[in-house]
Amino acid sequence: MSKEVINEIIRSRRSIFPPQYNDKPVSKAFIQNLLENANWAPTHRLTQPWRFKVVQGEAKDRLGKFLSDTYTDITSNEDFSPFKHKKILNNCKSASAILIICMQRDLKERIPEWEEIASTAMAVQNMWLTCSADGVGCYWSSPKLINYMGDFCDFEEGERCLGFFYIGNHNQEEDVISKREPIEDKIKWL
């Protein structure tokens, strides 16, 4: 693969949100490849802290109900948004699959926790680039609801949820425009 192709994949990576997904399912083979690519992220001391729980089919409905019910339970009446409640349910229904992104803390704490979070984020970036290269839509969401995921699925000791990675096929007619400021505004040469 040429560096031009790699540059194009990196620079064309975008969030494609669940409402933009179509009904064409993402294949199990694609999801397995996605997770294999995640597994090759950099990891200090080879802790390989990334963990994923794949949610498909009827389990998406259970997740949507759990998240929307939890949102209702933890939100005061004055802060409750019927729009947000409905959006939570619809995001789960619209996605072909949802990957629950988890980080397994090294129980010996040989490295700082932020490095394991960073490694997990790099694994997710590998997934994002894989989706971009294959024309599959994806979106990483990390709402406050992730703090309650231990009530939905079993976590190992030291494991916690860092978000949801929604994936789905989409119609690619839309041009998605970048919103990046120039890199020159973010650099100081010393």
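Scroll up for the structure.
Everything numeric here is computed off the predicted structure, so don't read it as measured data.

S.K.: What exactly am I supposed to notice about the sheet that holds strand 4 (residues 159-169) here?
M.R.: Ordered by their spatial adjacency, four strands build an open sheet running 1-2-4-3, and the pairing between neighbours is antiparallel. This sheet does not close on itself; its edge strands, each paired only once, are strand 1 (50-55) and strand 3 (136-141). Along the sheet, successive strands turn relative to each other by an average axial angle of 25°, direction set aside. Two elements, strand 2 (residues 97-104) and strand 4, share eight bridges in a ladder whose sense is antiparallel. Bridged to Gln104 within strand 4 is Glu159.

S.K.: Would you mind showing me how to read the environment of Met122 here?
M.R.: Take Met122: it is sitting in helix 5 (residues 113-134). Remark: the alpha-carbon pair of Met122 and Ala41, spanning 81 residues in sequence, is separated by 5.7 Å.

S.K.: What am I meant to see in the pattern of salt bridges here?
M.R.: When their charged atoms lie close together, side chains carrying opposite charge are able to pair. Evaluation of the coordinates by the stated rule reveals six salt bridges. For the salt bridge of Glu116 with Arg105, the shortest nitrogen-to-oxygen distance reads 2.8 Å. Of this pair, Glu116 sits in helix 5 while Arg105 sits in the loop between strand 2 and helix 5, and the two are 11 residues apart along the sequence. Neither Glu116 nor Arg105 differs from the other in exposure class; each is buried. A salt bridge links Asp106 to Arg110; the shortest N-O distance between them is 2.8 Å. Judged by its relative accessible area of 41%, Arg110 falls in the partly exposed class.

Rules used in this analysis
Residues numbered from 1 in each chain as written. Predicted model: local features only at pLDDT ≥ 70, side-chain atom pairs only at ≥ 80, totals over all residues. Heavy atoms only, no water. Pairing = 2+ DSSP bridges. Helix = DSSP H or I, 4+ residues; strand = E, 2+ residues; numbered from the N terminus. Axes fitted to C-alpha atoms, helices over the stretch in contact; angles between N-to-C directions. Salt bridge = Lys/Arg side-chain N within 4 Å of Asp/Glu carboxyl O. Buried < 20%, exposed > 50% of the residue type's maximum accessible area, 1.4 Å probe, protein only.

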